[in-house]
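So the chains spell out like this:
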Amino acid sequence: MIRLFGHTGDDGSISLQAIRERASKQLSRFATQAEEELAARQISMPPAISLVSCPGCSLTLENNHPQADDILTWLASDARISSLFKEVEVLFEIIRATESAGETFPESSCFHIGLTSAGPIAYFEDHICSPRSS
């Protein structure tokens with residue numbers, strides 16, 4: 001735990017701030033890796049690239065992008081990027097669950113990472129998996 005979040009409290013607890021810092025760091029790490037992979041495949045940004053993962057779906061592209069087919073091929077063949085995405089997702093899930101203790105979220109609420117020229121953004125939003133998303 002210390003390796004992931006720094007020092008724990010006297011009772012072994014981890015502060016929400018430590019989790020937020022780790023989530024931000026992992027989001028930046030994901031974005032850097034994704035941007036390198038996209039550049040190596042000559043996939044341009046802008047326009048922004050919105051990635052989503054939801055129950056029963058693999059990591060996929062949510063928005064329309066002129067190079068969508070190339071992005072989907074990359075996502076389908078790169079287990080490392082999917083793993084990094086999941087690491088970020090889990091951290092943001094912990095934050096959301098902690099901040100909204102007792103609240104139940106609909107199954108359609110999925111985790112997204114937007115890759116933009118201004119930097120990455122992470123958010124939860126309703127998403128219905130389509131055949132393209134599976």
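Since the model is a prediction, treat every value here as computed from it, not as a measurement.

**Observations regarding the side chain of serine 109**
Here is step 1 of the chain: Along the polypeptide, serine 109 turns up in strand S3 (residues 109-116).
Here is step 2 of the chain: By relative accessible area, serine 109 is classed as buried at 14%.
Here is step 3 of the chain: There is a polar contact of 2.8 Å between the side chain of serine 109 and the side chain of arginine 96.
Here is step 4 of the chain: Apart from the residues within four sequence positions on either side, serine 109 is in contact with Arg96, Phe124, Glu125 and Asp126.

**Topic: helix H2 (residues 16-40)**
Here is step 1 of the chain: Taking 1.5 Å per residue, 25 residues should reach 36 Å; H2 reaches 36 Å between its end C-alpha atoms and fits that length.
Here is step 2 of the chain: Every buried residue of H2 is accounted for by Ala18, Ile19, Arg22, Ala23, Gln26, Leu27, Phe30, Ala31, Gln33, Ala34, Glu37 and Leu38.
Here is step 3 of the chain: Directly beyond the C-terminal end of H2, a positive phi value near 55° is found at glutamine 42.

**Considerations on the pattern of salt bridges**
Here is step 1 of the chain: Under the counting rule described, the total for this entry stands at 5 salt bridges.
Here is step 2 of the chain: In this structure, glutamate 37 engages arginine 41 in a salt bridge whose closest nitrogen and oxygen atoms are separated by 2.7 Å.
Here is step 3 of the chain: Judged by relative accessible area, which is 17%, glutamate 37 ranks as buried.
Here is step 4 of the chain: Residue arginine 41 is classed as partly exposed on the basis of its relative accessible area of 36%.

Calculation rules
Residues numbered from 1 in each chain as written. Predicted model: local features only at pLDDT ≥ 70, side-chain atom pairs only at ≥ 80, totals over all residues. Heavy atoms only, no water. Helix = DSSP H or I, 4+ residues; strand = E, 2+ residues; numbered from the N terminus. Buried < 20%, exposed > 50% of the residue type's maximum accessible area, 1.4 Å probe, protein only. Polar contact = N/O pair within 3.5 Å; in protein donor to acceptor, adjacent residues only side chain to side chain. Contact = heavy atoms within 4.5 Å. Expected span 1.5 Å × (residues − 1). Salt bridge = Lys/Arg side-chain N within 4 Å of Asp/Glu carboxyl O.

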